Amino acid sequence: MKRTLFLIALILFALSGINAQTSGSQEKCVTYCELLNYNYGGYGKLKVLVDFGELSKESYSILCDSDGKKIKFKTIVEAINHMAKHGWRIVESYHVSAWNYKITHYLMEKVITSDDEITEGLYLKPEKEPYRMGQKGNDMY
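What counts, and at which threshold
- Counting restarts for each chain: residues are numbered from 1 in the order of the written sequence.
- Owing to the predicted nature of the model, reporting of local features is limited to residues with pLDDT of at least 70; listing and counting of side-chain atom pairs is limited to 80 or more, with chain, interface and lining totals taken over all residues.
- Water and hydrogen atoms were dropped before computing side-chain values, which therefore reflect all heavy atoms in the structure.
- Patches here: salt-bridge-free residues with over 30% relative accessible area, like charges joined within 9 Å, nonpolar side chains (Val, Leu, Ile, Met, Phe, Trp, Tyr) joined within 5 Å.
- Calculation of accessible area relied on Shrake-Rupley with a 1.4 Å probe; when residues are assessed, cover is drawn exclusively from the protein chains displayed.
- We define a salt bridge as a contact between a side-chain nitrogen of Lys or Arg and a carboxyl oxygen of Asp or Glu at a distance within 4 Å.
- Counted as positive: Lys and Arg. Counted as negative: Asp and Glu, with His and the chain ends omitted from the count.
- Charge positions are represented by NZ for Lys, CZ for Arg, CG for Asp and CD for Glu.
- Secondary structure is summarised from DSSP: a helix means a run of H or I of at least four residues, a strand means a run of E of at least two, and numbering begins at the N terminus for each.
- Whether two strands pair depends on DSSP finding at least two bridges between them.
- Summary of the burial criterion: residues with accessible area below 20% of their type's maximum are buried, those above 50% are exposed, and those between are partly exposed, where the area comes from a 1.4 Å probe applied to protein chains only.
- One number per residue, pLDDT, summarises how confident the predictor is, and it ranges from 0 to 100.
- Only heavy atoms enter the contact rule, under which two residues are in contact if any of them lie within 4.5 Å.
- Take the buried Ala, Val, Leu, Ile, Met, Phe, Trp, Tyr and Cys residues and link them wherever side-chain atoms come within 4.5 Å; each set so joined is a nonpolar core.
- Pairing of aromatic side chains requires ring centres within 6.5 Å, counting the rings of Phe and Tyr and the six-membered ring of Trp. Pairs whose planes differ by under 30 degrees are stacked, by over 60 edge-to-face, and all others tilted.

Participant: Describe a positive patch on the surface, listing the residues and the values that go with them.
Facilitator: On the surface, a cluster of positive charge is contributed by Lys45, Lys47, Lys70 and Lys72. Position of Lys45 relative to the elements: it lies in the loop between β1 (29–40) and β2 (47–51).

Structure representation (structure tokens):
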């Protein structure tokens, strides 16, 4: 009798473990993007671009509203808050000064379960590279 109860309990325990593994089939992972804030010589209009890591000439994107019009941010905090509303958070930031450009990079992360969530809620337009320091090649700094 004890053996039978023990075997039933063991089978039920094993079955509950299998069920728990199949119900959580969507794995969460972290993805990253970079928010760039720059202007020429430290003066003039604030320019904000987003880089989701696409390896092409148009990897940089402009943040737009639902009508496709470029969002003009008054401050970088406005742009960061816009990204935060869509699940992004700052991991690190760093500054680069090259030629007359003052560039601030914000590395941001978001936890996703599918690639469709990366740009979910964001409206983007491709943009050319914001600055080009060298004549040829990929030397951005």
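Participant: Describe the pairing of strand β5 (residues 101–112), listing the residues and the values that go with them.
Facilitator: Pairing of strand β4 (residues 89–98) with β5, which is carried by nine bridges, proceeds in the antiparallel orientation. Bridged to Glu92 within β5 is Leu107. Here β4 folds back onto β5 in antiparallel fashion, the turn holding two residues, of which Trp99 has a positive phi close to 55°.

Participant: Now, about the pattern of salt bridges: what can you tell me, with residues and values included?
Facilitator: Applying the stated criterion across every chain, the model contains one salt bridge. With a closest N to O distance of 2.8 Å, Arg89 and Glu109 form a salt bridge. Of this pair, Arg89 sits in strand β4 while Glu109 sits in strand β5; the two residues are 20 residues apart in sequence, bridging distant segments of the chain. Exposure remark for Glu109: the relative accessible area of 14% places this residue in the buried category.

Participant: Can you break down the confidence of the model for the protein chain residue by residue, with the values?
Facilitator: Mean pLDDT over the protein chain works out to 78, with 66% of the residues at or above the 70 mark. The least confident element of the protein chain is helix α1 (residues 2–23), whose mean pLDDT is 58; the most confident is helix α2 (residues 76–84), at 94. Contacts for the low-pLDDT stretch residues 19–23, under 50 throughout, to residues beyond four places or in other chains number zero contacts. Confidence drops under a pLDDT of 50 for residues 133–141, and excluding neighbours within four residues, the segment shows 17 contacts in the predicted structure.

Participant: How would you sum up the nonpolar core? Please name residues and give values.
Facilitator: Of all hydrophobic cores here, the largest spans 17 residues; its most connected members are Leu35, Leu63, Met83, Trp88 and Met108. Residue assignment for this core shows that the elements contributing at least two residues are β1, β2, α2 and β5. If one sorts the elements of this core by residue count, α2 sits on top with four residues. Beyond its immediate sequence surroundings of up to four residues, Met108 is in contact with Thr31, Tyr32, Cys33, Leu35, Ile80, Met83, Trp88, Arg89, Ile90 and Val91. Listed in part, the eight residues of the second largest apolar core include Leu36, Tyr38, Tyr60 and Ile62.

Participant: Can you tell me about the packing of aromatic side chains, naming the residues and giving the values?
Facilitator: In total, this model carries one aromatic pair according to the counting rule given. Here Phe52 and Trp88 contribute two aromatic rings whose centre-to-centre distance is 5.9 Å and whose plane-to-plane angle is 55°, an arrangement assigned as tilted. Placement of Phe52 in the loop between β2 and β3 (60–64) and of Trp88 in the loop between α2 and β4 is noted, with a sequence separation of 36 residues between them. Trp88 sits in the buried class, given a relative accessible area of 3%.

Participant: Account for the pairing of β2, naming residues and giving values.
Facilitator: Counting buried residues along β2, four of its five residues qualify, which places the element largely inside the surrounding structure. Relative to β3, β2 is paired through two bridges, and the arrangement is antiparallel. By the bridge assignment for β3, Val50 is matched with Ser61.

Participant: So what's going on with the environment of His95? Which residues, and what values?
Facilitator: On the secondary structure map, His95 appears in strand β4. Separated by 58 residues in sequence, His95 and Asn37 have C-alpha atoms that sit 9.5 Å apart. Contact partners of His95, with chain neighbours within four places excluded, come to Ile103 and Thr104.

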